[in-house]
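# Close look at the chain arrangement
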Amino acid sequence: MGAPAPTITPTLPLTLKPSLAPTPTLVSPPQSIPIEPVVLRQTGASVLAIASRIDFVTSLDSDSDGRIIYTEFQTGRLNILEPIGDGNFKERLLAIIPLPDRYTLGQNQGLWHALLDPTEQFLYAYAIDQTDPPISKVVRMPYRDGSVGDIEVVLSGISGENDHYGGAMAFGPGGNLYLTTGDMWGLPGEMPKFGGAILRVSPDGQIPSDNPTATSYIYAQGFRNPYGMDFDTVTWELYVADAGPACCGSLRRVVAGKYHGWPDYGLLPGDIIKAEQDPDVVAPLFDTGAEHPTPTQLISYRGDRYGKQFNGNLFFGTFGKGDLRRVKLSDDGLSAIPIGEQQHQIALSFEVPRAIIGLTSTPDGYIYYATLWRIFRIESFGSTGDG
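The shown structure was predicted, so the numbers you read here are calculated from the model rather than taken from an experiment.

How each quantity is defined
- Residues numbered from 1 in each chain as written.
- Predicted model: local features only at pLDDT ≥ 70, side-chain atom pairs only at ≥ 80, totals over all residues.
- Heavy atoms only, no water.
- 1 Å grid on protein atoms, 1.4 Å probe; cavity = no way out; pocket = protein on both sides within 12 Å on 5 of 7 lines; lining within 4 Å.
- Points joined across faces, edges and corners; volume = space filled by probe spheres on them.
- Helix = DSSP H or I, 4+ residues; strand = E, 2+ residues; numbered from the N terminus.
- Nonpolar A, V, L, I, M, F, W, Y, C, P; charged D, E, K, R; others polar.
- Phe/Tyr/Trp six-rings, centres within 6.5 Å; stacked < 30°, edge-to-face > 60°.
- Buried < 20%, exposed > 50% of the residue type's maximum accessible area, 1.4 Å probe, protein only.
- Lys NZ or Arg CZ within 6 Å of the ring centre and 35° of its normal.

## Details of the layout of surface pockets
- The calculated volume of the largest pocket comes to roughly 850 Å³.
- Residue lining of the largest pocket: 34 residues in total, with Asp 61, Ser 62, Leu 115, Asp 230 and Thr 233 positioned closest to the centre.
- Contributing elements (two or more residues each) for the lining of the largest pocket: β4 (57-62), β8 (111-116), β13 (169-171), β18 (226-231), β22 (295-301) and β27 (358-361).
- The element that contributes the greatest number of residues to the lining of the largest pocket is β22, accounting for five residues.
- Residues of the lining of the largest pocket, tallied by class, amount to 16 nonpolar, twelve polar and six charged.
- Reported here for the second largest pocket is a volume of approximately 490 Å³.
- Together, 22 residues line the second largest pocket, and Asn 108, Asn 225, Tyr 227, Thr 294 and Phe 319 are the ones closest to its centre.
- Looking at the lining of the second largest pocket, its residues break down into ten nonpolar, ten polar and two charged.

The structure is reproduced here in structure tokens:
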């Protein structure tokens, strides 16, 4: 049994629980998964499938030995892909995160992101805890060399409605955990004034003393439904990919203690211009205008596998358009740089569009992405159009 998770005051403390029943580290026998080619619409790009027959992937992460960890949406399964050489992997089950009965889950309720802490001592997961009313939780498990221990709840009582739950996680430079929430959420005693929020939490669920407000988890607010989030490990700027309504998916740089615009801006194409003129708002780096791509997981890429032009770029998947997108940033990370005549580039697209949800990179510089039922490694991007 782990130590009880902390409680939060002043009003209606969150539901915080001790560790749950032990979780086996290996539930099913390893499965060897061969690579296979995929037809891409973009000439010159190349990817390899490394896993298939998966039940709705919602996130990817990787460890320092190149293992790939992925989440399954409404099964609650955390699985791992172990490299075995020649581009092949063995797959096994790490843990099952307890979820409500699958037949009671709403369309956006389930297991969202899983993430290793920077020391790789713990594996965290963010998931729905109950459906009526909808409450979310963050749990963690000890992690070592591709195996996990008992599950313990770090934070619970995160309420949400309207199927906007956020669900992304990232660790910052001080070792604290950052969480995204959708725009219909709340914690007892501290509803945000505007839209959804980024929460900043200590690794064991406490409120960090240097948060913008010392008694609040809220780090920044004014988001709609941010499902992608990552830090750049050079500039330590924090970015989120935020899903718009019927338009206006956006990439945002997060500024502590500030309001980022939703719901005042982002409902209509052209709102970004108004946001840029509002001194009380941190405007998006860009939005997608009338297009409705629904951004998903986002990564900051620091590698040279594909060429120097990709180092320091952001990548995010899209659910609505079924492609992978790339954003170039200025050296200080404060602005996006156009690629040719575009604000961002479609880095990969397919003959038949397929939702890209999960995204991660490994120490050898490869980028991996997940569609609903398969996981791929990007071998090359081909011509990028930006030299």
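## Things to note about empty space enclosed by the protein
- Applying the stated rule across the entire model yields two cavities of 30 Å³ or more.
- One number sums up the size of the largest cavity: a volume of about 110 Å³.
- If you go around the largest cavity, you meet 18 residues; those closest to its centre are Cys 248, Ser 250, Arg 252, Tyr 265 and Gly 266.
- Those elements giving two or more residues to the lining of the largest cavity turn out to be β20 (250-254) and α1 (271-276).
- Residue contributions to the lining of the largest cavity peak at three residues, all from α1.
- When its residues are assigned to classes, the lining of the largest cavity shows eight nonpolar, five polar and five charged.
- What the second largest cavity holds in volume is close to 30 Å³.
- The wall of the second largest cavity is formed by Ala 241, Gly 249, Ser 250, Leu 251, Phe 286, Thr 288, Pro 295 and Phe 316.
- A class-by-class count of the residues in the lining of the second largest cavity yields five nonpolar, three polar and no charged.

## Considerations on the packing of aromatic side chains
- Using the criterion set out here, one finds 16 aromatic pairs in the structure.
- Aromatic pair Tyr 178 and Phe 231: ring centres 5.0 Å apart, planes at 70°, arrangement edge-to-face. In this pair, Tyr 178 sits in strand β14 (residues 177-180) while Phe 231 sits in strand β18, placing the two residues 53 residues apart along the sequence.
- Residue classification places Tyr 178 among the buried positions, given a relative accessible area of 4%.
- Classification of Phe 231 as buried rests on a relative accessible area of 5%.
- Linked through ring pairs, Tyr 301, Tyr 306, Phe 310, Phe 315 and Phe 381 together constitute an aromatic cluster.
- The cationic tip of Arg 377 hangs over the ring face of Tyr 366; the distance from NZ or CZ to the ring centre is 4.8 Å.

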